[in-house]
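# An overview of the molecular structure
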Amino acid sequence: MRGLAGKVAVVTGAAGGIGAATAGRLAAEGAHVVAVDTADTVDTAGPPSADGVWVRADVSTEEGVAAYVDAAVERFGRIDLHHLNAGIAGSLTPLPDVPAAEFDRVMAVNVRGVFLGVRAAFRQFAAQGSAGNIVITGSIGSLRGSADLLAYQTSKHAVVGLLHGAAVYGGPLGVRVNAVAPGIVPTDLFGARGRDDMTRRASSTPLRRAGTGDEIAGVVAFLLSDDAAYVTGELVSADGGANVVSTVRPSGGAGAWDFAAHDRALYGARG
């Protein structure tokens, strides 16, 4: 894709899933990749690109964000691209039982971490006197609701507000800000049980399958590239068509499920 070769790209949450796929895709496009994560694999992973670097950092803290920005600038002198991807799911705890501490932690990583990353990107662009591009990882949960993963859904709705505000602010500066909204992409974020459930549910999307990290990475790479030069402020769904399906029609697939059984499992313990 045009405009990626030679650029310096920061990817957060890069140790697995969509982040790892994006780091690999950008490296294949010729970018210098600064991969950021808190996972233990950071200590043993190979370089994310031929001359890339791993940084262990907590993106929910100002110190963590400063650490990965400083590491990128020290190694390459600048940052051109940011994929703010790091996120956590929280538990499947029913809404009345969600601990406030869990809600706060999800919001800290998924919202505060994105805010700090966006703010740092704009500050660095100004310091180096250049423009640049930012992509945020949203979710199909940014657009729809569900009876579980309340903190996660709330956080993914919130980043859409960050997306829109940053795109409006950045436009006159030549900074494009977009987001990708992955649908059902089984990763370690939701654990083994979650991956199995996601694969089953993905069979009701128009494409009748789950997505892959590489497929999302392709969308991210496009949004960061010059091929998307007139795209900003957009939340681009990459969900196998899930977002357009009406679940109350047989053709949508999910409408044929036994929701009485679903409701018994979800609410039965509460009578």
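Residues numbered from 1 in each chain as written. Predicted model: local features only at pLDDT ≥ 70, side-chain atom pairs only at ≥ 80, totals over all residues. Heavy atoms only, no water.

For clarity, the cut-off: UniProt positions are given in the numbering used here, feature names are shortened, and annotations may be inferred rather than shown by experiment.
Per an unreviewed UniProt entry, the protein carries the name Short-chain alcohol dehydrogenase like protein and comes from Cryptosporangium arvum DSM 44712. As its UniProt record puts it under Sequence similarities (unreviewed entry), the protein is described as follows: "Belongs to the short-chain dehydrogenases/reductases (SDR) family."

### Side note on unusual backbone geometry
Rules: Secondary structure elements are defined from DSSP: runs of H or I of at least 4 residues count as helices, runs of E of at least 2 residues count as strands, and each element is numbered from the N terminus.
If you check the backbone angles, Leu-149 has positive phi at about 50 degrees while not being a glycine. Summarising the element assignment, Leu-149 is placed in the loop between strand S5 (132–137) and helix H4 (150–170). Of note, the phi angle at Arg-208 is positive, near 60 degrees, even though the residue is not glycine. Among the structural elements, Arg-208 can be located in the loop between helix H5 (191–202) and helix H6 (213–224).

### Some details on H4
For the record, the criterion: To estimate the expected span of a helix, count its residues, drop one, and scale the result by 1.5 Å. Throughout this description, buried means an accessible area under 20% of the type-specific maximum (1.4 Å probe, protein chains only), exposed means over 50%, and partly exposed covers the range between. In this description, contact between two residues means that some pair of their heavy atoms is separated by no more than 4.5 Å.
Taking 1.5 Å per residue, 21 residues should reach 30 Å; H4 reaches 30 Å between its end C-alpha atoms and fits that length. Turning to H4, its buried residues are Ala-151, Tyr-152, Gln-153, Ser-155, Lys-156, Val-159, Val-160, Leu-163, Ala-166, Ala-167 and Gly-170. In this fold, the buried residues of H4 make contact with helix H3 (100–128), S5, strand S6 (175–182) and strand S7 (235–238).

### Comments concerning the pattern of salt bridges
Note the cut-off: A pairing counts as a salt bridge when a side-chain nitrogen of Lys or Arg comes within 4 Å of a carboxyl oxygen of Asp or Glu.
What the rule picks out here adds up to five salt bridges. In this structure, Arg-25 engages Glu-29 in a salt bridge whose closest nitrogen and oxygen atoms are separated by 3.0 Å. Its relative accessible area of 28% is what places Arg-25 among the partly exposed residues. Assessed through its relative accessible area of 19%, Glu-29 is described here as buried. In this structure, Arg-209 engages Glu-215 in a salt bridge whose closest nitrogen and oxygen atoms are separated by 2.7 Å. Judged by its relative accessible area of 41%, Arg-209 falls in the partly exposed class.

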